[in-house]
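# Remarks on the overall topology
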Amino acid sequence: MTEHSLTEGLLTFWHSYRLLFLVAFSTGFVIIRFYRKFQTRSKTTASSSVPPSPRSASPEKPDKPLLNEAVKPVATQNIESQTSLSNEPLSKAASGPKRVSGKKPLKVAGRRAQSDQGQPISFIQPIIFFASLTTTTERYAQTLLEDLRAAAQKRADLEDRERGLLPPQIHDLSYIDLDDYFTSAPKPPSNSPGTRYVYCLLIPTYNIDSILNTFLDHLNETHNDFRIDTGALSSLAGYSVFGFGDKEGWPTEEEGFCSQAKELDKWMAKLTGRKRAYPLGFGDVKSDAESALKEWSQGLQDVLLDILENGGLGEGVPGSGDAVESDEELDDEDLENGVKGNNKRRKAQDVVDLEDIKFGADPQNTTGAPVPVDFTTTKQSAPAPATEKEMVPKTSPTYAALTKQGYTIVGSHSGVKICRWTKSALRGRGSCYKFSFYGIRSHLCMEATPSLSCSNKCIFCWRHGTNPVGTTWRWKVDSPELIFQGVKEGHYKKIKMMRGVPGVRAERFAEAMRIRHCALSLVGEPIFYPHINQFLDMLHEEHISSFLVCNAQHPDQLETLHRVTQLYVSIDASNRESLRKIDRPLHRDFWERFQRCLDILREKRHVQRTVFRLTLVKGFNIDDEVIGYANLVEKALPCFIEIKGVTYCGTSTSAGAGLTMQNVPFYEEIAEFVTALNSELQRRGLDYGIAAEHAHSCCVLIASERFHVNGKWHTRIDYDRFFQLLEKEKADGTPFTPEDYMRETEDWALWGNGGFDPNDERVYRKGKKKQLQVTAEA
């Protein structure tokens, strides 16, 4: 009875207060859930705010010798604490063991670089590293320190407190923990997140074990450690290396001159994601080390200021030397990794022939009708009406195609581009045939054109119809001043972007920043431009030589052309039918125009150097055409005759024109043709002889005996003398002839000697060196 009463009492109590119990229970449950979730989130935030170190904390080291007094930075007060010139690392890694995740981490160098670029660069902190056994390199490091310190002070005088160059730090590689600087880059201080670091490394080369062996091994291990990003130093703004060597002990780079500096440059390129701020420099401690370092230091300072101005090193030159041109020159690092340019490249896109599309047409024209072409006859054509249509609008397929091929389009109808020989010369791998024949170093030469339009559609043209065509000028005309400044700026910009390419020599990079020659042979027809003479005058005023190439289809413009350093005319065939098949001219009276240009060339041969350029295409203009070419030479009597084999470009457009790899002649076939042509000229009593060759370009030069003096050929040009004579002619009308500014041809360039500069390094591809040596011995 008592139990029954108790049960009824509990039921009555539950029914009376059950709502309160349920509410209280639910509230407590929710509070506990929120508390646990908040606690978990707090732990995650705390752990992610301190990233795990890729290395264990280094034990404390004894005091290290200082190489310079501490100097206050010349920037704002809020960053003084982080610009100390002591040798202490800027940031110590968090202590604790390395964390191994059990799988290879993603290669995040590119992503890291991108995040770095998101923070604007406000200050650049140079850090100098050196190694020295005899204190020689240490002395040079102190010289660089003073140069950079002076540059920082000069920048500080501008009173730009938001951006600047900080005084440099300096470290002896023997006294630092390599992990502190070369396993991960220093992090900017919290009070100056826009500070970025540039490593400047000065090292000698020893044939004994030294700290350099340990240093290079460390870089190798860091790059190949799967626990560390391959681009562990990609957050740096850049790096640059200068090597010291002794040419008495190691005369050449192949024999070991500055070999450790070259290896260091390679590993730094891998660890930084190719952030080579300035090319690798070399100095011979027994001759030019001080002057070479001074020049390298000045170039490095210019780069540091460029980084401040532009926010980074800039990008490469997309498309320059693209495989479509069949002149690809791969980076050393690509070759080491087995990258083959043509096999790894994406398939070339189909290119629309611009003669068949509405190039430059009115945007309102939606019919798709082709642009009308004025196919002229022998009668004098009427002048084209004034028009403001652009030759290469930025929205046109032409602009897209040419820029993809590496061109910088200037204004509306001009362009500039660097060729593969410029890249080759910058790397000490040889210049083009113009150096062997005429003394033009390729890294001092600008390749440009004031007119991208042409009146021919040659089957061997590297542009494959992507440049405009036409027989009359019907476009907007840009001023020669705009073109001149534009092509120079475009050229220098592309040269600057080469500073990060492996193997570029610092001294040649510095030389390349002063244009000495201009080859007006890029694409199109230069004399088609209405103000070509004013453009030539601007080149000559800055002592830039002019090499102009025309296609013998514009006799009126050729006749009124001012003096150039050397005048080329493309002679691609010896008869009318062959010329029609190869050049595919748009003028109906193309042969008559061609013949008239030869007459004009004959008249100019004593005023300026004239050149026939013969491009030989097997199956088109070689067989049984020696007599025809001799007839043309006899008619124009050019100073020189260049005979060169065609370069196959490897695209479907060329194949559609009937050109394949089978049409590319071997050098032996070129030499055989040259010998036959020279014999025919001599049989006719014409004073010509085979003067020089450049076998690497498959090119041979026949020259007039006018340039054979005292038993020696003088095909080269004295450029200083040319400009002296030109200025004198303008001042008092004193005429001069091509013989007045000729120079003796180098022995190595003469016929039979190959024509490759012995001061450069010949680079062979795909094991051809052995084959060529066997052939040479045979």
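Residues numbered from 1 in each chain as written. Predicted model: local features only at pLDDT ≥ 70, side-chain atom pairs only at ≥ 80, totals over all residues. Heavy atoms only, no water.

Under the annotation held in an unreviewed UniProt entry, the protein carries the name S-adenosyl-L-methionine-dependent tRNA 4-demethylwyosine synthase and is attributed to Aspergillus clavatus. Regarding the protein, the relevant UniProt record gives this comment under Cofactor (unreviewed entry): "[4Fe-4S] cluster". (UniProt positions renumbered as here; feature names shortened; annotations may be inferred.)

A count of helices and strands for the protein gives 23 helices and 20 strands. Sorting the 778 residues of the protein into buried and exposed places 52% on the buried side. (Helix = DSSP H or I, 4+ residues; strand = E, 2+ residues; numbered from the N terminus. Buried < 20%, exposed > 50% of the residue type's maximum accessible area, 1.4 Å probe, protein only.)

On to the pattern of salt bridges. Within this structure, the stated rule accounts for 24 salt bridges. Linking Glu642 and Arg613 is a salt bridge whose minimum nitrogen-to-oxygen distance equals 3.7 Å. Linking Glu642 in strand β14 (residues 640-645) with Arg613 in strand β13 (residues 609-616), this pair joins segments that are 29 residues apart in sequence. Across the pair, exposure class does not vary: Glu642 and Arg613 are buried alike. Each of Glu634, Glu680, Arg683 and Arg684 takes part in one network of salt bridges that share partners. (Salt bridge = Lys/Arg side-chain N within 4 Å of Asp/Glu carboxyl O.)

This next bit is on the UniProt feature "transmembrane region" (unreviewed entry) in the protein. When the UniProt feature table is mapped onto this chain, "transmembrane region" (unreviewed entry) is found at residues 16-35. Taken end to end, residues 16-35 is 100% helix and 0% strand, and its first and last C-alpha atoms sit 31 Å apart.

Turning to the side chain of Gln301, a few remarks are in order. Mapped onto the secondary structure, Gln301 falls in helix α7 (residues 289-310). Leave out the neighbours within four places in its chain, and Gln301 touches Asp147, Leu148 and Ala151. (Contact = heavy atoms within 4.5 Å.)

Any pair of aromatic rings gets described here by the distance separating the centres and the angle formed by the planes. Counted according to the given criterion, the structure contains 27 aromatic pairs. Ring centres 6.2 Å apart and planes at 80 degrees place the aromatic pair Phe722 and Phe736 in the edge-to-face group. A residue pair is termed long-range when its members are at least 10 positions apart, and Phe722 in helix α22 (residues 719-732) and Phe736 in the loop between α22 and β20 (742-743) qualify at 14 residues. By relative accessible area, which is 4% here, Phe736 ends up buried. (Phe/Tyr/Trp six-rings, centres within 6.5 Å; stacked < 30°, edge-to-face > 60°.)

Turning to the packing of helix α3 (residues 136-156) against α7, a few remarks are in order. Two elements in contact, α3 and α7, have axes whose closest approach is 10 Å; the angle formed by their N-to-C orientations is 35 degrees. Seen along the crossing, α3 lies across α7 with a hand that is right-handed. Taking contact as the criterion, the partners of Tyr140, Leu144, Asp147, Leu148, Ala151 and Arg155 in α3 are, on α7, Ala289, Glu290, Leu293, Lys294, Trp296, Ser297, Gln301, Leu304, Leu305, Leu308 and Glu309. Residues that form the contact of α3 with α7 fall into these classes: 10 nonpolar, 2 polar and 5 charged. (Axes fitted to C-alpha atoms, helices over the stretch in contact; angles between N-to-C directions. Left-handed = near helix turned anticlockwise from the far one by under 90°. Nonpolar A, V, L, I, M, F, W, Y, C, P; charged D, E, K, R; others polar.)

On to the confidence of the model for the protein. Within the protein, residue pLDDT values average 78, and 75% of them lie at 70 or more. Below a pLDDT of 50 lies the segment residues 43-117, which in the model reaches 117 contacts outside its immediate sequence neighbourhood of four places, other chains included. (pLDDT = per-residue confidence, 0-100.)

Looking along a regular strand, one sees side chains alternate from face to face of the sheet. With respect to burial, strand β16 (residues 699-704) is a largely interior element, 6 of its 6 residues being buried. Residues Cys699, Leu701 and Ala703 point to one face of β16 and Val700, Ile702 and Ser704 to the other, with burial holding for every one of them. As judged from the 5 bridges shared by β14 and β16, these two strands associate in the antiparallel manner. The residue bridging Phe640 from the neighbouring strand is Ala703, located in β16. Sheet analysis places strand β15 (residues 688-694) next to β16, joined by 6 bridges and oriented antiparallel. Across the sheet, the residue bridging to Tyr688 is Ser704, located in β16. In sequence, β15 turns back onto β16 through a hairpin of 4 residues, with Cys698 there showing a positive phi of about 55 degrees. (Pairing = 2+ DSSP bridges.)

A word on the environment of Phe528. With respect to the helices and strands, the residue Phe528 is situated in the loop between β10 (517-520) and α15 (532-541). Exposure remark for Phe528: the relative accessible area of 5% places this residue in the buried category. It is 9.0 Å that separates the C-alpha atoms of Phe528 and Cys550, two residues lying 22 residues apart in sequence.

Here the focus is the nonpolar core. Note that soluble globular proteins tend to have their nonpolar side chains buried in a common cluster. Judged by nonpolar contacts, the single largest core of 79 residues is most densely connected at Leu548, Phe612 and Leu614. Every residue in contact with Leu548, bar those within four places of it in the chain, is listed here: Leu520, Pro526, Ile527, Ile532, Leu536, Leu561, Val564, Gln566, Leu567 and Tyr568. Core analysis: the second largest hydrophobic core is formed by 39 residues, Ile170, Leu202, Ile307 and Met498 among them. (Core = buried A, V, L, I, M, F, W, Y, C linked by side-chain atoms within 4.5 Å.)

A word on the packing of helix α17 (residues 576-583) against helix α18 (residues 590-604). Working note: a packed helix pair is described by the angle between its axes plus the distance between those axes. Between α17 and α18, the shortest axis-to-axis distance is 10 Å and the interhelical angle comes to 105 degrees. When the interaxial angle is binned, α17 and α18 end up roughly perpendicular. Between α17, through Arg576, Leu579 and Arg580, and α18, the contact on the second element is made entirely by Phe590, Trp591, Glu592 and Phe594. Residues belonging to the contact of α17 with α18 are distributed by class as follows: 4 nonpolar, no polar and 3 charged. (Parallel < 35°, antiparallel > 145°, perpendicular 65-115°, else oblique.)

Of note in this structure, Cys258 is not a glycine but carries a positive phi near 55 degrees. When you line up the elements, Cys258 lands in the loop between β5 (238-245) and α6 (259-272). Classification of Cys258 as buried rests on a relative accessible area of 0%. A positive phi angle, near 55 degrees, is found at Cys698, a position not held by glycine. By the element assignment, Cys698 lies in the loop between β15 and β16. With relative accessibility at 15%, the residue Cys698 sits in the buried group.

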